[in-house]
Amino acid sequence: MRRPMVAGNWKMYGTRTSVAELIGGLNQQALPAGVDVAVFPVSVHLQQVLDGLAENNIAVGSQNCAFQSEQGALTGEVSPVQLADLGCQFVLVGHSERRSVFGESDRDVCNKFAAVQASGLIPVLCVGETLEQRNAGETLSVVSAQLDAVVGELGVGVFAKAVIAYEPVWAIGTGLTATPQQAQEVHAEIRAQIASKDSVLAESVRILYGGSVKAANAADLFGMPDIDGGLVGGASLNADEFGAICRAAGS
Ligand code: PEP
């Protein structure tokens, strides 16, 4: 039985004042005990969020990190070791905005994934196809190749301590959501790809869906057999909406 997870990606939003309000709102939410909840603020707000949620059962993660775990001469970067030292538990790797806007390749994503695990943190590996790729019938091959870039290099066993997020690029921040059936098809395929190498591991790995998840569509998505929760962007900036999504994952 996989424990559901809901993760909130705050992207590059927030000021100390608005983050304080969001923390206050999250601390008032009745969150289901059976769901792992995590939020991913901007790095300059990590300490504020860690402090503000210390009494709550909400984990904190980083949206990005350096490609090496150790500290070093990499101006402007943050190492996973430093994130661990701060108290973070997760790091997003391969978010589509990192891939498309910052040109991160599958190799970069794989290096970050390995660096995150080397620091004792849990990577949340994001995969997903563009609309053009979906329309060309390439969804499963694109997602499979993104997953294989990590499995081929690091071995399937690394997913014992990782989370996967299927995020169709066309659904991120657009208000368009994959139907539960569309998402389930890809999630099942991801699980099958892992099962082809390790069937026991495949049953335990959590695969989150991301792409315009809201309180109104969360229950239908999370009701699918291979969808183990969500990676939520815009809707996670509203504590009540995010709380409702977390409760949907627990029902
Ligand atoms: C995301 O940023 O990972 C995301 C899924 O965003 P949104 O929920 O706004 O589509």
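Everything below is about the structure shown above.
Residues numbered from 1 in each chain as written. Predicted model: local features only at pLDDT ≥ 70, side-chain atom pairs only at ≥ 80, totals over all residues. Heavy atoms only, no water.

A. Highlighting the environment of Asp-198. Examined against the element boundaries, Asp-198 turns out to sit in the loop between helix 8 (180-195) and helix 9 (199-204). Taking the C-alpha atoms as reference points, Asp-198 and Val-156, separated by 42 residues in sequence, lie 7.3 Å from one another. (Helix = DSSP H or I, 4+ residues; strand = E, 2+ residues; numbered from the N terminus.)

B. Quick peek at the packing of aromatic side chains. If you walk through the whole model with that rule in mind, you get three aromatic pairs. When the ring of Phe-40 is compared with that of Phe-90, the centres are 6.4 Å apart and the planes differ by 55 degrees; the resulting orientation is tilted. Here the residue Phe-40 occupies a position in strand 2 (residues 36-40), and Phe-90 occupies one in strand 4 (residues 90-93), the gap between them amounting to 50 residues. There is no split in this pair, since Phe-40 and Phe-90 are both buried. Consider the rings of Phe-113 and Phe-159, whose centres lie 5.4 Å apart with planes at 55 degrees: the pair is tilted. You can see Phe-113 sitting in helix 5 (residues 106-118) and its partner Phe-159 sitting in the loop between helix 7 (139-154) and strand 6 (163-166), a full 46 residues away along the chain. Here Phe-113 matches Phe-159 in class, with each residue buried. (Phe/Tyr/Trp six-rings, centres within 6.5 Å; stacked < 30°, edge-to-face > 60°. Buried < 20%, exposed > 50% of the residue type's maximum accessible area, 1.4 Å probe, protein only.)

C. Spotlight on the site of the ligand. Close to the ligand lie 14 residues; Lys-11, Glu-167, Gly-173, Ser-212 and Gly-233 are nearest. Ser-212 has a polar backbone atom sitting 2.8 Å from an oxygen atom of the ligand. When the ligand is considered free in solution it has 290 Å² of accessible area, and contact with the protein chains removes 96% of it. Tallied by class, residues from the shell around the ligand come to four nonpolar, eight polar and two charged. (Near = heavy atom within 4 Å. Polar contact = N/O pair within 3.5 Å; in protein donor to acceptor, adjacent residues only side chain to side chain. Areas by Shrake-Rupley, 256 points an atom, 1.4 Å probe, with all protein chains shown as cover. Nonpolar A, V, L, I, M, F, W, Y, C, P; charged D, E, K, R; others polar.)

D. Here's a closer look at the nonpolar core. Residues Phe-159 and Phe-222 are the most contacted members of the largest nonpolar core, which totals 63 residues. Per element, the largest residue contribution to this core is six residues, and it comes from helix 11 (residues 239-250). If near-sequence neighbours (up to four positions away) are discounted, Phe-222 is found in contact with Val-6, Val-213, Ile-227, Gly-229, Gly-230, Ile-245, Ala-248 and Ala-249. Among the nonpolar cores identified, the runner-up in size contains 13 residues, and Phe-40, Ala-59, Cys-126 and Leu-231 belong to it. (Core = buried A, V, L, I, M, F, W, Y, C linked by side-chain atoms within 4.5 Å. Contact = heavy atoms within 4.5 Å.)

E. View of the pattern of salt bridges. Applying the stated criterion across every chain yields a total of twelve salt bridges. For Arg-206, the salt bridge identified is with Asp-36, shortest N-O distance 2.7 Å. With Arg-206 in strand 7 (residues 206-210) and Asp-36 in strand 2, this residue pair connects regions lying 170 residues apart in the sequence. According to the relative accessible area criterion, Asp-36 is partly exposed, its value standing at 25%. With a closest N to O distance of 2.8 Å, Asp-228 and Arg-191 form a salt bridge. (Salt bridge = Lys/Arg side-chain N within 4 Å of Asp/Glu carboxyl O.)

F. Focus on helix 7. End to end, helix 7 covers 23 Å across 16 residues, agreeing with the expected 22 Å (1.5 Å per residue, within 8%). Of all bends in helix 7, the biggest is about 30 degrees, found at Asp-148. Looking at helix 7, one finds that the buried residues are Thr-139, Val-142, Val-143, Gln-146, Leu-147, Val-150 and Val-151. Each element contacted by the buried residues of helix 7 is listed here: helix 4 (96-101), helix 5, strand 5 (122-127), helix 6 (131-135), strand 6 and helix 8. Looking at the residues trailing helix 7, positive phi occurs at Gly-155, about 90 degrees. (Expected span 1.5 Å × (residues − 1). Bend = angle between axes of the 7 residues up to and from the residue.)

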